[in-house]
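Chain by chain, the residues run as shown.
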Amino acid sequence: MASSPRPAATAAAHRRGLIQRPPSAQAYLSAAAALLVLAAVAFSRAGHRFPHPPATRRCRPDAEGSWSAGVFLGDSPFSLEPIEHWGISKADGAAWPVANPVVTCAEVEDAGFPSSFVAKPFLFLQGDAIYMFFETKNPITSQGDIAAAVSEDAGVTWQQLGVVLDEEWHLSYPYVFTYKNKVYMMPESSKNGDIRLYRALDFPLKWELEKVLLEKPLVDSVIINFQGSYWLLGTDLSSYGAKRNREISIWYSNSPLSPWIPHKQNLIHNTGKMLSTRNGGRPFIYNGNLYRVGKGQGGGSGHGIQVFKVEILKSNEYKEVEVPFVINKQLKGRNAWNGARSHHLDVQQLPSGKPWIGVMDGDRVPSGDSVHRLTIGYMIYGVVLILVLVTGGLIGTINCSLPLRWSLPHTEKRSGLFNVEQRFFLYHKLSSLISNLNKLGSLICGRINYRTCKGRVYVVVVMLILVVLTCVGTHYIYGGNGAEEPYPIKGKYSQFTLLTMTYDARLWNLKMFVEHYSNCASVRDIVVVWNKGQPPAQGELKSVVPVRIRVEDRNSLNNRFNIDSEIKTKAVMELDDDIMMTCDDLERGFKVWREHPDRIIGYYPRLSEGSPLEYRNERYARQQGGYNMVLTGAAFMDHGLAFKKYWSKEAEVGRQIVDSFFNCEDILLNFLFANASLTSTVEYVKPAWAIDMSKFSGVAISRNTQAHYHVRSKCLAKFSEIYGNLTAKRFFNSRGDGWDV
């Protein structure tokens, strides 16, 4: 250890600032505030950044958004519903139902083609095969190419075929049609100043240029055969006064390959009396009427779909009227895959009178939103820094003056950039600035005496503000696009049912619970198991997904696992109504369950061990390095598998024990799962944060932790006698995704 400095040297060192005086109480207080801020940063980062494994975020949205494509089915083009509403099961049964989006840029990348988004899809039916052609943006060249995928199961799953058309200019809007038994594609090529027609040489992978139709930069163009003529509709960017969003131009011909004659009324609807829109997909014929699909408000970055009924289409006259068109989209706002924007729809009828199929593009994130969020986040960080400095000065822990020696001229040689007079002039200005700053600092320094009650209140309020601002700023910076995105499994998405059990004394919990979780991206619907008292009216619960209240005949914890044939998904998330966590935590747990659908995937691990058996909490389980149970008050499971086990004959005695203790239903289910498999039957996912609202309401059976654990230890002893000892450990940090540590 170094020896202590001598007294004279020590005093000089203090004057030079080389040795600090012992920290004062104010310094400790300021350090505590700084630690709180850092803790808030770590807390927020853990919740918003680190839980996302890089493998699930390969394809990053750019300034144009994060577009992807989804499938809709219906009995008519005016009754389309998302594919998840049809309850179709695929992907080894774990993805039930298959959910939108069904084609994403990640799948295109998996096929070996860099992509940052998928947009403007068109369908082409060939026998039982459905082909989808779409724009994919290459993030390396920043250019749009045309890619394709094929489905053999009515649009449920798609095999990526990769890029099928690549030019030296941007391509988009791949309108595909047949003419005289040949397949043609007319993609947008306005960057090249013309509109081109390609013919398939080896469908769907190889195309060659057939001819240039028009030497005009048309966008969003389609060709339709109607009433004996062919009509080309598009937006002509070269037309005088074209607003790009409202006008269309029309040409007509005897065939797609013949010369095109301009319509007498071009530009259509350019008077402003009736606002038309540029095309937003393929026109379709339904009940003998022609309908044109247009982009909604916002034009090129449209926010919706409009449909127009074409009443007159002649060489010298055109008339259309907008008709009601409401597609049954999710109501989750930004959390839905098409919640931010959708501007393209292609609708066709499947052969042999089967349902209609529609494919739509969608985006979660408005353009430029990531930059906007970063800007706000760093601005908030700047405010936090200023508040820290000002607060430190007010309580006297930060020196409010700058040393004047900073303005003294240096004696070493300088380059010839400034002469001596210029240097001393700058030093004088710097010295004047430092003096003025020191005057300002003297007005701030030491203005709050933290030893007084009033001063302590000031300090606590400022510290709370610092923590809140830091969390908000970190959320904006590390919170991604602001939408809680679901996690795909092999490019596939799904949904789950959220089930909670409650009674009349916890209604205020339930209202908050339903409003929050109904906005989570993968929640299809919510089932409320009502055990006791008068159930709420349907309108009392604010939700963007269907909510079903299942009133039980008697108050029993066994009701949580009642077999329910009305549940439309394979996965059920059992969640106590007093547990509040982020949607991202739910999405992470759902991903892990889809990887292990035969297990219970939960957020609260517990350990049963010892002789006699004791029920131990998560902290103890971590100290011992493992767990063998998870609480089903926050857990995913296959309801068909789990509920059947719970109501089996072998579980009858266990259910009686649950009723006698009014406790332990989750422990019983853990035992039943453990007996059914020699491998791991439970998995743990660590939530970024979770709040137990029962601590505030005081209406939970577990509010007295010691008594609650004592009862559960009794249950362990009884269940072990009936079903065998549950002692095998399941270790932490075993999956490798970082979510179980």
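Just above sits the structure.
Keep in mind that this is a model prediction, so the values were computed, not measured.

1. Remarks on the overall build of the protein chain
So, point 1. In terms of helices and strands, the protein chain carries 14 helices and 36 strands.
So, point 2. The buried share of the protein chain, taken over its 741 residues, is 51%.
So, point 3. In the protein chain, the share of contacts with a sequence separation of at least 24, taken over all contacts with a separation of at least 6, comes to 65%.
So, point 4. Roughly 34700 Å² of accessible area belongs to the protein chain as shown, and the carbon and sulfur atoms make up 55% of that amount.

2. Some remarks on unusual backbone geometry
Outside of glycine, negative phi angles account for most residues, and trans bonds account for most peptide bonds.
So, point 1. The linkage connecting N100 with the following residue, P101, adopts the cis geometry, with an omega of 0°.
So, point 2. If you trace the backbone, P101 turns up in the loop between β3 (98–99) and α3 (105–110).
So, point 3. In this structure, the amide linkage connecting F203 to the following residue, P204, adopts the cis form with an omega of 0°.
So, point 4. Notably, N287 is not glycine yet its phi reads approximately 55°, a positive angle.
So, point 5. Locating N287 in the fold gives a position in the loop between β16 (284–286) and β17 (289–295).
So, point 6. What makes N287 exposed here is its relative accessible area of 64%.

3. A few points about a nonpolar patch on the surface
So, point 1. A contiguous nonpolar surface patch, about 230 Å² in accessible area, is contributed by V457, V461 and I465.
So, point 2. Along the chain, I465 turns up in helix α6 (residues 453–478).
So, point 3. Under the relative-accessibility criterion, I465 is labelled partly exposed at 40%.

4. Quick look at the sheet that holds strand β19 (residues 318–323)
So, point 1. Spatially, β16-β17-β18-β19 is the arrangement adopted by the four strands of the open sheet, whose pairing is antiparallel. Single-partner strands in this sheet number two, and they are β16 and β19. Averaged over all adjacent pairs, the angle separating strand axes in this sheet is 40°, with direction ignored.
So, point 2. Relative to β19, strand β18 (residues 305–313) runs antiparallel, the two sharing six bridges. What sits directly across from L313, in β19, is Y318.

5. Let's talk about the state of the cysteines
Where two cysteines share a covalent bond between their sulfur atoms, that bond is called a disulfide.
So, point 1. What the rule picks out here adds up to two disulfides.
So, point 2. Note that C520 is cross-linked by a disulfide to C583, the S-S spacing being 2.1 Å. On the sign convention where negative is left-handed, the bridge of C520 and C583, at about -75° about the S-S bond, is left-handed. Of the two residues, C520 is situated in the loop between α7 (507–517) and β24 (523–530) and C583 in helix α8 (residues 583–595); the sequence distance between them amounts to 63 residues.
So, point 3. Disulfide pairing is shown between C664 and C715; the S-S distance is 2.0 Å. Between C664 and C715 the disulfide shows an S-S torsion of about 80°. By sign, it is right-handed. Of this pair, C664 sits in the loop between α11 (652–661) and α12 (665–675) while C715 is found in helix α14 (residues 705–723), placing the two residues 51 residues apart along the sequence.

6. What about the sheet that holds strand β34 (residues 682–684)?
So, point 1. Here seven strands make up an open sheet; going across it, the order is β25-β24-β23-β26-β33-β28-β34 and the pairing mixed. With partners counted over all chains shown, the strands left at the sheet margins are β25 (547–551) and β34, one partner each. Going from strand to strand, the sheet's axes swing by 25° on average, the running direction of each strand aside.
So, point 2. Judged from the two bridges that link them, strand β28 (residues 600–602) and strand β33 (residues 634–638) form a sheet pairing that is antiparallel. Each bridged residue has a counterpart across the sheet, and for G602 the counterpart in β33 is A635.
So, point 3. Docked against the sheet, α8 engages β23 (496–502), β26 (571–575), β28, β33 and β34, running at close to 35° with respect to β33.
So, point 4. On top of the sheet, helix α10 (residues 639–646) reaches β26 and β33; it is set at about 95° to β33, its chief contact.

7. Notes on the packing of aromatic side chains
So, point 1. Applying the stated criterion across every chain, the model contains 35 aromatic pairs.
So, point 2. Taking the centre distance of 4.9 Å and the plane angle of 75° together, the rings of Y131 and F203 count as edge-to-face. Residue Y131 is found in strand β5 (residues 129–138), and its partner F203 is found in the loop between β10 (195–202) and β11 (206–214); the two are separated by 72 residues along the sequence.
So, point 3. Using a relative accessible area of 12% as the deciding quantity, one classes Y131 as buried.
So, point 4. Between F203 and W207, the aromatic rings sit 6.1 Å apart at their centres with planes inclined by 70°, giving edge-to-face as the arrangement. W207 matches F203 in its accessibility class, with the two residues each being buried.
So, point 5. Pairwise contacts between aromatic rings join F122, Y173, Y175, F177, Y179, Y184 and Y230 into one cluster.
So, point 6. When the ring centre of Y620 is taken as reference, the NZ or CZ atom of R616 above it lies at 3.7 Å.

What counts, and where the lines are drawn
- Going along each chain's sequence as written, the residues are numbered from 1 onward.
- Residue-level local features of this predicted model are given only where pLDDT is at least 70; pairs of side-chain atoms are given and counted only at 80 or more, and the full residue set underlies all totals for whole chains, interfaces and linings.
- Hydrogens and water are ignored here; the side-chain numbers use all heavy atoms of the structure.
- Secondary structure elements follow DSSP: runs of H or I of four or more residues count as helices, runs of E of two or more count as strands, with numbering from the N terminus.
- Only protein chains enter the accessibility calculation, which uses a 1.4 Å probe; a residue whose area is less than 20% of its type maximum is buried, one above 50% is exposed, and one in between is partly exposed.
- Contacts: residue pairs with any heavy atoms within 4.5 Å of one another.
- Exposure was quantified through the Shrake-Rupley algorithm and a 1.4 Å probe, taking into account, for residues, occlusion by the shown protein chains and nothing else.
- Exposure above 30% relative accessible area and no salt bridge define the residues that can form patches, which grow by joining like charges within 9 Å and nonpolar side chains of Val, Leu, Ile, Met, Phe, Trp and Tyr within 5 Å.
- A carboxyl oxygen of Asp or Glu within 4 Å of a side-chain nitrogen of Lys or Arg is what we treat as a salt bridge.
- For two strands to be treated as a pair, DSSP must find at least two bridges joining them.
- Inter-axis angles, ranging from 0 to 180 degrees, are taken between N-to-C directions of lines fitted to C-alpha atoms, where helices are fitted over the stretch in contact.
- Cysteine sulfur pairs qualify as disulfides if the two atoms are within 2.5 Å.
- Note on ring pairs: Phe, Tyr and Trp rings are taken, using the six-membered ring of Trp, and paired if centres are within 6.5 Å. Classes follow the plane angle, with under 30 degrees stacked, over 60 edge-to-face and the rest tilted.
- Here, a charge over a ring means that NZ of Lys or CZ of Arg falls within 6 Å of the ring centre while also lying within 35 degrees of the ring normal.

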